[in-house]
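Topology and contacts: notes
Given next are the chains, with one letter for each unit.
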Amino acid sequence: MKFFGTMKNNSGVLEIGGIKVTELAEKYGTPLYVMDQELIEENMMKYKENFKSDKFKTTVVYASKAFLSKAICKLVEKHDLHIDAVSGGELYTIKASGISMERVHMHGNNKTDDELRMCLDYGIGSIIIDNEEEIERVSKICLEKDQKVKVMLRINIGIDAHTHEYIQTSKHSSKFGESIFDERFPEIVEKITSDKNLEFLGFHCHIGSQIFDTKAFHEGIEVMIKETKKISEKLNIEIPEINLGGGFGVYYTEKDTAIDVEKFMKSMIEHIEKSLEKESMNMKKISIEPGRSIIGNAGSTLYRVGGIKETFGGVKYVFIDGGMTDNIRPALYQAEYEAVLANKLDVVEDEIVTVAGKCCESGDLIIKNRKLGKAEAGDLLLVATTGAYGYSMSSNYNKAQRPAVVFVKDGKSAISIKRESLKDLVRNDVDMEL
Ligand SMILES: *Cc1c(COP(=O)(O)O)cnc(C)c1O
């Protein structure tokens with residue numbers, strides 16, 4: 001397994017943030033999400049330091065759906081990032097963290113009126129309008145509240161990024177955004193710019209997630225800048241901002257060549273500056289929206305090994321005390337992971353095993369046919385790169401209690417999200433008279 005951040009081999013036991021995972025398992029129980037705070041902050045700083053220019057302002061917006069807790073919001077503010085939300089629940093969580101709501105930008109292809117009211121009540125930075133119908137709804141709610149709001153328009157630029165179908169978002173039939181190829185597109189933009197309640201900032205795009213093909217991002221830059229120029233000339237308006245979205249690919253297994261954030265941010269900035277010059281354009285601000293590439297490698301899941309089973313069919317299973325309830329990605333889109341016996345780092349990895357969870361689903365597999373040391377009941381299995389879309393996609397299926405999330409740094413650990421209790425599982429279950 002590839003090590004990330006502060007991971008170290010401490011006499012055969014994996015250490016993260018200066019703490020042996022055996023100690024973490026003892027103290028907090030398993031399954032447990034372990035977040036390497038130093039690596040999270042390092043990633044945030046890498047974006048901040050490398051995505052900047054003398055020609056325009058830049059903003060790095062953390063895509064909160066990757067992982068959201070009050071602690072992560074505080075780190076967002078500490079490193080002067082912004083943060084996005086796509087639901088009332090995410091807005092509420094960010095608000096509860098106490099950070100400035102001007103840092104918040106609201107997405108979503110189907111925001112409810114209540115969510116839009118929340119945006120205005122909280123005084124968030126901007127709303128990213130998804131489609132024509134939403135323009136009128138946002139405007140109506142502004143009128144109702146006698147407030148104005150800054151908006152962007154999410155546009156679909158038709159870029160075919162090579163990633164899993166479910167996480168591609170910019171194909172012509174995607175449910176997100178308004179297509180720039182639609183002949184009514186200028187009209188739709190004009191609807192926004194002519195609305196007194198809305199302050200139009202510019203266009204937003206997000207071409208997909210876990211993208212390694214840097215060409216797709218460069219193509220995105222070109223299209224966004226050209227389109228912005230075209231529309232601003234056609235409608236004779238100034239468009240101050242563009243947001244280029246996130247989706248920068250990270251390492252999960254040896255099949256992935258992660259995007260080098262430092263290098264790639266520099267090359268994006270260079271490309272943006274050149275394109276603006278070529279089109280003789282000025283932009284006030286350019287933003288990006290990374291999620292996974294900030295939090296993915298910084299999080300791991302620590303499980304306790306239970307049974308080991310060799311099937312008649314020849315598959316050797318290692319059973320763990322979690323599964324698809326804390327990591328749905330393998331079942332949802334065949335995501336692959338690396339793992340290690342975290343209390344036995346020095347044993348030879350000479351077995352081919354499949355790691356299965358405890359849910360009543362044959363598809364509840366976290367790892368299929370990968371090398372691992374000989375596991376025994378009681379061992380600790382650590383699955384790497386579960387920081388993004390792990391906790392945030394977790395569920396209570398089979399009445400699983402969501403694991404705790406622990407932040408580790410410099411030999412200290414602290415709970416960011418508590419483990420769900422059995423009581424939590426019946427919190428909303430009403431004693432009916434039957
Ligand atoms: C999911 C999402 C992101 C972040 O994607 P990552 O792959 O986690 O970097 C950014 N912007 C929007 C609109 C998204 O939906």
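Residues numbered from 1 in each chain as written. Predicted model: local features only at pLDDT ≥ 70, side-chain atom pairs only at ≥ 80, totals over all residues. Heavy atoms only, no water.

1. Considerations on the side chain of Thr228
In this structure, Thr228 sits in helix 8 (residues 214-235). On the accessibility criterion, Thr228 (1% relative accessible area) is buried. Those residues in contact with Thr228 that lie beyond four places of it in its chain are Phe203, Ile239, Ile242, Met281 and Met283. (Helix = DSSP H or I, 4+ residues; strand = E, 2+ residues; numbered from the N terminus. Buried < 20%, exposed > 50% of the residue type's maximum accessible area, 1.4 Å probe, protein only. Contact = heavy atoms within 4.5 Å.)

2. What about the domain arrangement of the protein chain?
Here the domain parsing of the protein chain yields domain 1 (8-30 + 298-425) and domain 2 (37-291). Facing 23 residues of domain 1, the contacting portion of domain 2 comprises 23 residues. When domain 1 packs against domain 2, the two sides together hide about 2,000 Å² of surface, and 57% of this comes from carbon and sulfur. Among the residues domain 1 hides against domain 2, the three largest losses belong to Tyr389, Phe407 and Lys409. Together they make up 28% of the total. Scanning the region where domain 1 abuts domain 2 turns up three salt bridges. If you look at where domain 1 meets domain 2, you find nine residue pairs in polar contact (both at pLDDT 80 or more). At the level of secondary structure, the elements contributing two or more residues to the side of domain 1 that touches domain 2 comprise helix 11 (329-333), strand 20 (404-409) and strand 21 (412-417). Split by residue class, the side of domain 1 that touches domain 2 holds eleven nonpolar, six polar and six charged. (Domains from an automatic or database assignment. Buried area = accessible area lost by both parts, 1.4 Å probe. Salt bridge = Lys/Arg side-chain N within 4 Å of Asp/Glu carboxyl O. Polar contact = N/O pair within 3.5 Å; in protein donor to acceptor, adjacent residues only side chain to side chain. Nonpolar A, V, L, I, M, F, W, Y, C, P; charged D, E, K, R; others polar.)

3. Topic: the packing of helix 4 (residues 88-97) against helix 5 (residues 113-122)
In contact at an axis separation of 10 Å, helix 4 and helix 5 are set at 20° when each is read in the N-to-C sense. In terms of their interaxial angle, helix 4 and helix 5 are classed as roughly parallel. Seen along the crossing, helix 4 lies across helix 5 with a hand that is left-handed. Of the residues in helix 5, those touching helix 4 at Gly88, Leu91, Tyr92 and Lys95 are Glu115, Met118, Cys119 and Tyr122. A per-class count over the contact of helix 4 with helix 5 returns five nonpolar, one polar and two charged. (Axes fitted to C-alpha atoms, helices over the stretch in contact; angles between N-to-C directions. Parallel < 35°, antiparallel > 145°, perpendicular 65-115°, else oblique. Left-handed = near helix turned anticlockwise from the far one by under 90°.)

4. Let's talk about the sheet that holds strand 1 (residues 8-10)
Read from one edge of the open sheet, three strands run 1-2-3, paired in antiparallel fashion. Pairing within the sheet leaves two strands with one partner each, and these edge strands are strand 1 and strand 3 (19-20). Strand direction decides the pairing type here: strand 1 and strand 2 (residues 13-16), joined by three bridges, are antiparallel. Counterpart to Lys8 in the pairing with strand 2 is Glu15. (Pairing = 2+ DSSP bridges.)

5. Things to note about the pairing of strand 15 (residues 316-320)
Where burial is concerned, the two faces of strand 15 differ: the one with Lys316, Val318 and Ile320 is buried and the one with Tyr317 and Phe319 is not. When strand 14 (residues 299-310) meets strand 15, the two strands line up antiparallel, connected through four bridges. Residue Glu310 lies in a different strand from strand 15, and its bridge partner there is Lys316. Where strand 14 folds back on strand 15, the antiparallel hairpin that results is connected by five residues, among which Gly314 adopts a positive phi of roughly 100°. Here strand 15 pairs with strand 17 (residues 351-356) via three bridges, running parallel. Its bridge partner lying in strand 17, Tyr317 is registered against Thr354.

6. Some words on the layout of surface pockets
Roughly 440 Å³ of volume is contained in the second largest pocket. Along the wall of the second largest pocket there are 24 residues; nearest its centre are Glu102, His105, Gly125, Ser126 and Lys150. Of all the elements in the fold, those that place two or more residues in the lining of the second largest pocket are helix 5, strand 8 (126-129), strand 9 (149-156), strand 11 (198-204), strand 12 (241-243) and strand 13 (285-288). Of all the elements, strand 9 adds the most residues to the lining of the second largest pocket, at three residues. Among the residues forming the lining of the second largest pocket, the class breakdown is eight nonpolar, eight polar and eight charged. (1 Å grid on protein atoms, 1.4 Å probe; cavity = no way out; pocket = protein on both sides within 12 Å on 5 of 7 lines; lining within 4 Å. Points joined across faces, edges and corners; volume = space filled by probe spheres on them.)

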